[in-house]
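# Descriptive analysis of the structure
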Amino acid sequence: MYHAAPRGGTMNIIKDNLRQYGLLIALVGIAIFFQVRTGGVIFLPNNITNLILQNSYILILAIGMTLVIVTGRIDLSVGSVVAFSGALSGVFIVEMGWPVWVAILICLVAGAVIGAFHGFLIAYINIPFFVVTLAGMLGFRGLTMIILDGRMIGPFPAQFQMMAAGFVPDFFNGSNFNITAVAVCALLCVLYIFSALRKRRIALKYGVTAMPIPFLIASIIIVTAAIALFGYWFGAANGIPNIVVLLGVLILIYTFLTNRTMMGRHIYACGSNAKASELSGVKTKQVVFWVYVSMGVLAALAGLVFTARLNAAMPRAGTGFELQAIAAAFIGGASPSGGVGKVTGAIIGAMVVGIITNGMSILGISLPAQQMVTGMVLLAAVIFDVVSKNNVLKLRNPFAR
Amino acid sequence: MDTLLEMKSITKRFDTVVALDNVNMAAVNGEIHAIVGENGAGKSTLMKVLSGVYPHGDYEGEVFYKGSLCRFRNIKDSEKSGIVIIHQELALIPYLSIAENIFMGHEQAKGGVINWRVTHQKTVKLLERIGLSENPNTLVIDIGVGKQQLVEIAKALAKKVEVLVLDEPTAALNEIESENLLNLMLELKKEGITCILISHKLNEVLKVADRITILRDGKTVETFANDGDADENRIIRGMVGRDIAHRFPPRETKPGEVLFEVKDWTVYHPDISDKKVIDNANLHVKRGEVVGIAGLMGAGRTELAMSLFGKAYGTKISGTIIKDGKPLALHNISQAIDNGIAYVTEDRKQFGLLLDETICRNISLANLKEVCKYLTVDEFKEKRVAEDYRSKIDIRARDVQQHAKNLSGGNQQKVVLGKWLFADPEVLILDEPTRGIDVGAKYEIYQIINQLAYEGKCVIVISSELPEVIGLSDRIYVMNEGRIIGELPKEEATQEAIMECIMQHQGGVR
């Protein structure tokens, strides 16, 4: 029961992050597998850009869904909210001709209101989240169909389409290579190295276990290489997609929120043990409420991106997105029972599914087969989590029946 | 007198803790055999050995039933041979009918199809036998606790019970219901059923039991016949009699002025809104004083503490909390914490810890603001603070990044304490601070409590273990049925005095 103290914290740093590293390695492995099988199509710059654009709305949803799952809940309504937000944008922009930014703002506020409605019922009135968000899923799908009256609305002005289909312009006018993309990535590399070194310096100053030098160097090499690779891909294609900038900002905000802020701590605490958190002064109801508000806003945003990409608002848009987002979060290591899960994990989880689907499409494998594989990946990831957790439990409590 | 059931030199260990140490007990055919002892004396553990919850081989010693050695692997085995336990927490399913509950698990069925006619008939007969006039189709949720207890007995009877074990059967019952239950036990005895009764209520034990076995600290003290010589004093002496001189670190107490005061505190049950849980409680604590609250299970101690802690329990709360001469209006838990009140919960796994989180994050939880700069958590400062408390109260772990679930009970309790020490309260309420942890860790927690008193804080200790309350406290309040029924200074506080105080009020108010 009592653990003898091992030397140093190196093994523990590795152990604590095993799940994340494992998933990353799996992602790289899967990518290389398809790279070989498709004869080098996967890593073509245009395919990479395409891959990100195709999955962008799922990535946005997965970020919010991770937080919801960490509190031990889910949100089934997001697919319908995606459609609803798209329909609203179609009505305001195409039919009523309002300025794009006003319409976007209204859609995001609508998403927040929907999230607040769900969050209020779940957190303060104690209605089971499954019921509330299932009702939302049915209700907002219906509302979307009423608004669109069975039609598709489009096309949208170019300004709106830019959000999902545009690229950051090349300020340096590179002839057949986008220099801005390379410059931005170079800057990111420098920033990363700087922050990694700073973190280590502070850790040493406070006498806290720091990452040992070989690992620090290894992680710097891997991360900068990855950024450089993206620099090449975006540079060789059309540049940095606008959506990548948006995603980058969202990931940054949400990673900061979950890792560094009090609110983030409270979200994890609530999911880990709501009663204990409440008795420690955490306002658990508020936490759950705001997590649903954030989910609503992100769902509305995903709806705008999806609509802009397809250049049309459609009644059946976003069908099944909620399940894809939930799958991404689970594959990314979030625990269905709450308290565990990372935004970056969900992003990698969504990319794993994205690459598998993309690779199989290129290989000409049918859609049903793709779904089967996605299902198996999800199951395998969660089985891995549960089995590794159970082993720990068995060691801890030999009397557990 | 032929012995029906004999438990010989039973020893049961949990890791290093010895819960039962060479316990002997024998029940004669057709008697009511009472087992008494303090909380933690090993009564329930002994019954779990008997019923196969701890399977054969998981304990040392032998259990003989009807002359042959028992090798129960689980509860099903023991029930098959006629030994049935009725636990304190009833195991009925609220939304099923009485008949369905009685035959749960051994349905009157042929080929998987239930014969409702037979079920109904048999239920009617059983209910008649236990003297319960209810329709077999009534849902269990619609009858009171007292009747539910009877349904549990009917369920046992349906299983052809020969030895019926009742664990605190009257704890939740009122006088009349208790009376009925005891009479029923005497009826069953006439039918030849052997009963083993575990109870804190000594008057009930003396009323029905033929013989009494006393357990203390996991050991058998004695077994004696309930004849003219037996009275409550003899039992209490047997339950208590131990040397408690060196179990508690000495404290030079110098309580100062009154810091924390509660006046006319009344709380109603959160679900049953006309049920008073706390009735007009008054108490005060001085600076540097350790005050104990003693009482039986269900006396309202935890409810009192939680209602004081930012109304974490109960509805229609009335009364005043005064701290430092000023009345406090506490509407939620964070206000209570901000006003320097802390409540260390009873059940650390359910209500105290984030088991999946690190020690570090558990310690900082109640006072995150302290390690925050603007809105961001300064993780380095947080870790340093956690390391600080780890060495200060000696939490044995590899580092503060270790998850709380991997710690032993004593160390988990220290993490919870660390969390509240970091919140830096002036009034600290500790609810069962040493439950389920070993003697060494207990001592260390007592030392922490002494240190807090030395720093001039108010400490309120709730404990079901009387020696602990007496050993720790400068003054003791005795609670019973939601009311504070006595106040004893350290000099007068003996276990006999406290038990007497409780017994006098048992049933007296209703």
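Cut-offs applied
- Residues numbered from 1 in each chain as written.
- Chains lettered and ligands numbered in written order.
- Predicted model: local features only at pLDDT ≥ 70, side-chain atom pairs only at ≥ 80, totals over all residues.
- Helix = DSSP H or I, 4+ residues; strand = E, 2+ residues; numbered from the N terminus.
- Rg over C-alpha atoms; globule rule 2.2 N^0.38 Å.
- Buried ≥ 20, exposed ≤ 12 C-beta atoms within 10 Å, placed from the backbone.
- Contact = placed C-beta atoms within 7 Å.
- Core = buried A, V, L, I, M, F, W, Y, C linked by C-beta atoms within 7 Å.
- Pairing = 2+ DSSP bridges.
- Arc of directions from axis to C-beta.
- pLDDT = per-residue confidence, 0-100.
- Axes fitted to C-alpha atoms, helices over the stretch in contact; angles between N-to-C directions.
- Parallel < 35°, antiparallel > 145°, perpendicular 65-115°, else oblique.
- Left-handed = near helix turned anticlockwise from the far one by under 90°.
- Nonpolar A, V, L, I, M, F, W, Y, C, P; charged D, E, K, R; others polar.

Moving on to the overall build of chain B. The number of helices and strands found in chain B is 17 helices and 24 strands. Over its C-alpha trace chain B gives a radius of gyration of 25 Å, about what one expects of a compact globule, namely 24 Å for 510 residues. By the burial criterion, 46% of the 510 residues in chain B qualify as buried. For chain B, the share of sequence-separated contacts (at least 6 apart) that also reach a separation of at least 24 residues comes to 67%.

When helices and strands are tallied, chain A shows 16 helices and 0 strands. For chain A, whose C-alpha radius of gyration is 22 Å, the value lies close to the compact-globule estimate of 21 Å for 401 residues. A principal-axis box enclosing the C-alpha atoms of chain A has dimensions of 70 × 60 × 45 Å. Residues classed as buried in chain A amount to 41% of the 401 residues present. Long-range pairs, those at least 24 residues apart, make up 79% of the contacts in chain A with a sequence separation of at least 6.

Another point: the environment of D385 of chain A. With respect to the secondary-structure elements, D385 of chain A resides in helix α16 (residues 367–396). Taking the C-beta count within 10 Å as the criterion, D385 of chain A has 18 such neighbours and is therefore assigned partly exposed.

All right, on to the nonpolar core then. Residues and elements named next belong to chain A. In this structure, L61 and A62 are the most contacted members of the largest nonpolar core, which totals 257 residues. If you tally residues by element for this core, the top one is helix α13 (residues 284–310), at 17 residues. Non-local contacts of A62, meaning those with residues more than four positions away in its chain, are made with A325, A328, A329, A346, I347, G349 and A350.

What follows is about the pairing of strand β18 (residues 341–344) of chain B. Within a regular strand, the side chains alternate between the two sheet faces. Residue and element names in this part refer to chain B. Judged by which residues are buried, β18 turns out to be covered on both faces: I341 and Y343 on one side and A342 and V344 on the other are all buried. Taken together, the 4 bridges between β18 and strand β21 (residues 427–431) define a ladder with parallel strand orientation. By the bridge assignment for β21, I341 is matched with V427.

Before going further, it helps to examine helix α8 (residues 232–240) of chain B. If you check which residues of α8 of chain B are buried, you get I235, I236, M239 and V240 of chain B. Projection of α8 of chain B onto a plane perpendicular to its axis shows the buried side chains occupying an angular sector of 120°, all on one side.

Let us now look at the pairing of strand β11 (residues 211–216) of chain B. All names here are of chain B. Here strand β3 (residues 32–36) pairs with β11 via 4 bridges, running parallel. Residue pairing in the sheet places V36 in a bridge with I214 of β11. As paired elements, β11 and strand β12 (residues 219–225) share 6 bridges and run antiparallel to each other. By the bridge assignment, R216 is partnered in β12 with K219. With antiparallel pairing between neighbouring strands as the criterion, β11 and β12 make up a hairpin whose turn holds 2 residues, including D217 at a positive phi of roughly 50°.

Residues and elements named next belong to chain A. When the pLDDT values of chain A are averaged, the result is 88; 91% of them are 70 or greater. Low pLDDT, under 50, characterises residues 1–8; the stretch is placed with 10 contacts to residues that sit more than four places away or in other chains. Below a pLDDT of 50 lies the segment residues 392–401, which in the model reaches 4 contacts outside its immediate sequence neighbourhood of four places, other chains included.

All names here are of chain B. Read across the open sheet, the 6 strands follow the order β6-β9-β10-β3-β11-β12; overall the sheet is mixed. Each end of this open sheet is capped by a strand with a single partner; those strands are β6 (83–86) and β12. In this sheet, adjacent strand axes meet at a mean angle of 15° when their direction is disregarded. In the sheet, β3 pairs with strand β10 (residues 194–198) via 4 bridges, with the strands oriented parallel. What sits directly across from A34, in β10, is L197. Lying over the sheet, helix α6 (residues 175–190) contacts β3, β9 (163–167) and β10, oriented at roughly 150° with respect to β10.

Residues and elements named next belong to chain B. Two elements in contact, α8 and helix α17 (residues 495–505), have axes whose closest approach is 10 Å; the angle formed by their N-to-C orientations is 130°. As the angle between them shows, α8 and α17 are arranged oblique. Note that α8 runs across α17; the crossing there is right-handed. Seen from α8, the contacting residues are E232, I236 and V240; seen from α17, they are Q495, E496, M499 and M503. Here the residues of the contact of α8 with α17 are counted per class, giving 4 nonpolar, 1 polar and 2 charged.

Turning our eyes to something else, we now look at the interface of chain B and chain A. Each partner contributes residues to the interface: chain B has 34 residues there, and chain A has 30 residues. Among the elements of the structure, α10 (333–338), α11 (348–352), β20 (376–377) and α13 (379–392) of chain B are those that each provide at least two residues to the side of chain B that touches chain A. Grouping the constituent residues of the side of chain B that touches chain A by class yields 15 nonpolar, 8 polar and 11 charged.

All names here are of chain B. The mixed open sheet is built from 6 strands, whose spatial order is β18-β21-β22-β15-β23-β24. With partners counted over all chains shown, the strands left at the sheet margins are β18 and β24 (483–489), one partner each. Geometrically, the sheet is characterised by an average inter-axis angle of 20° between neighbouring strands, direction not taken into account.

As a further point, take the environment of I321 of chain B. Residues and elements named next belong to chain B. Mapped onto the elements of the fold, I321 is located in strand β16 (residues 315–323). Taking the number of C-beta atoms within 10 Å as the measure of exposure, I321 has 20 and is therefore buried. With 39 residues separating them along the chain, I321 and N282 place their C-alpha atoms 9.8 Å apart. Non-local contacts of I321, meaning those with residues more than four positions away in its chain, are made with V262, L308, P327, L328 and L330.

Moving on to unusual backbone geometry. Cis geometry marks the peptide bond from G154 of chain A to P155 of chain A; its omega dihedral reads -10°. With respect to the helices, strands and loops of the structure, P155 of chain A is situated in the loop between α6 (129–148) and α7 (158–165). Despite not being glycine, Y374 of chain B shows a phi value in the positive range, around 50°. Locating Y374 of chain B in the fold gives a position in the loop between β19 (372–373) and β20. The class for Y374 of chain B is exposed, based on 7 C-beta atoms found within 10 Å. Backbone geometry at D394 of chain B places phi at a positive 55°, although glycine is not the residue there. Considering the arrangement of structural elements, one finds D394 of chain B in the loop between α13 and α14 (409–422).

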